[in-house]
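Here's the letter readout for the chains.
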Amino acid sequence: MGAVFFYHLTENPLEATLPMLIGKARAAGWRILVRGREDALLKRLDDVLWQGADDQFLPHGMAGGPHDADQPVLLGDGHSDGFACVMSVGGAEVSAAEVSTLERTCILFDGHDDAALQVARGQWKMLTDAGCAAQYWAQADGRWTKKAEK
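None of these values were measured; they are calculated from a predicted model. (Residues numbered from 1 in each chain as written. Predicted model: local features only at pLDDT ≥ 70, side-chain atom pairs only at ≥ 80, totals over all residues. Heavy atoms only, no water.)

**Q** Tell me about the overall build of the chain, residues and numbers included.
**A** Secondary structure summary: the chain contains 4 helices and 8 strands in total. The dimensions of the chain, computed from C-alpha atoms along their principal axes, are 40 × 35 × 30 Å. Going through the 150 residues of the chain one by one, you find that 45% of them count as buried. Sequence-distant contacts in the chain: of pairs separated by 6 or more residues, those separated by 24 or more amount to 65%. When the 14 positive and 21 negative side-chain charges of the chain are each reduced to one mean point, those points stand 7 Å apart. (Helix = DSSP H or I, 4+ residues; strand = E, 2+ residues; numbered from the N terminus. Buried < 20%, exposed > 50% of the residue type's maximum accessible area, 1.4 Å probe, protein only. Contact = heavy atoms within 4.5 Å. Lys, Arg positive; Asp, Glu negative; His and termini not counted. Charge placed at Lys NZ, Arg CZ, Asp CG, Glu CD.)

Following this line, the structure appears as structure tokens:
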């Protein structure tokens, strides 16, 4: 059974944190689905990934193209089949059954948005009540610190 890691974004925005986590997941050899509910957010993240430094380029694509199955990183709202890692953004749902089939699930949420906090708390409760291993990570003084584990 995989684990779900919650990332409480308070110092760095999603646009800075997501590429860092994708880089780590790619270094582990994982294929990644960045799952979001809103096309506008996914398109913004697509732009961010294209604008990264040349030496840190993260090959990726938007779901719905002819080469989805070949993309090491795919941004969309689809199923996790064929991926080792799902990174949920913008409150996108993740199920306990899905977590159990993945190497890692990451849930990134804006710590300055009350609605996002409530969604993340609900996801934590639902997933841990279902028996998923979970870790809660928060930013402090520019560093990520594990604050809870279940």
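**Q** Pulling in residues and values, what's your account of the sheet that holds strand S2 (residues 32-35)?
**A** Strand order in the open sheet formed by 8 strands is S3-S4-S2-S5-S6-S1-S7-S8, and the pairing between neighbours is mixed. Either end of the sheet is taken by a strand with one partner, and the two such strands are strand S3 (61-62) and strand S8 (143-149). Across the sheet, helix H1 (residues 14-27) lies against strand S1 (3-9), S2, strand S4 (73-76), strand S5 (85-88), strand S6 (104-110) and S8, angled at about 160° from S2, the strand it touches most. Sitting on the sheet, helix H4 (residues 114-129) touches S1, S5, S6, strand S7 (133-140) and S8, and the angle it makes with S6 is about 155°. (Pairing = 2+ DSSP bridges. Axes fitted to C-alpha atoms, helices over the stretch in contact; angles between N-to-C directions.)

**Q** Please set out the pattern of salt bridges residue by residue, giving values where relevant.
**A** Opposite charge on two side chains allows them to pair when their charged atoms are near. This model, assessed by the stated rule, comprises 4 salt bridges. Where Asp-129 meets Lys-125, a salt bridge forms, and the shortest distance between an N and an O atom there is 2.7 Å. Of this pair, Asp-129 and Lys-125 both sit in helix H4, 4 residues apart, roughly one helical turn. Judged on exposure class, the residue Asp-129 and its partner Lys-125 are both exposed. Of the charged contacts in the structure, one is a salt bridge between Glu-149 and Lys-146, with a shortest N-O distance of 3.0 Å. (Salt bridge = Lys/Arg side-chain N within 4 Å of Asp/Glu carboxyl O.)

**Q** Would you mind going over the packing of aromatic side chains in detail, with residue names and values included?
**A** In the structure shown here, the tally under the stated rule is 4 aromatic pairs. Seen in terms of ring centroids, Phe-5 and Trp-137 are 6.3 Å apart; in terms of plane orientation they differ by 25°. Their pairing is stacked. Taken together, the residues span a long stretch of sequence, with Phe-5 in strand S1 and Trp-137 in strand S7 at a distance of 132 residues. By relative accessible area, which is 9% here, Phe-5 ends up buried. Residues Trp-50 and Phe-57 carry aromatic rings whose centres are separated by 5.3 Å and whose planes lie at 35° to one another, so their mutual orientation is tilted. Taking relative accessible area as the criterion, Phe-57 reaches 35% and is therefore assigned partly exposed. Against the face of Phe-83 rests Arg-31, its NZ or CZ located 4.1 Å from the ring centre. A cation over an aromatic ring shows up here: Arg-104 above the ring of Phe-5, its NZ or CZ 3.9 Å from the ring centre. (Phe/Tyr/Trp six-rings, centres within 6.5 Å; stacked < 30°, edge-to-face > 60°. Lys NZ or Arg CZ within 6 Å of the ring centre and 35° of its normal.)

**Q** Give me the nonpolar core: which residues, what numbers.
**A** One finds Ile-22, Val-34, Met-87 and Leu-108 to be the most contacted residues of the largest nonpolar core, which totals 26 residues. Of all the secondary-structure elements, those providing two or more residues to this core are S1, H1, S2, helix H2 (39-50), S4, S5 and S6. Among the elements that take part in this core, H1 stands out by supplying 5 residues, more than any other. Formed by 13 residues, the second largest nonpolar core is a distinct cluster that contains Phe-6, Ile-107, Leu-117 and Ala-134. (Core = buried A, V, L, I, M, F, W, Y, C linked by side-chain atoms within 4.5 Å.)

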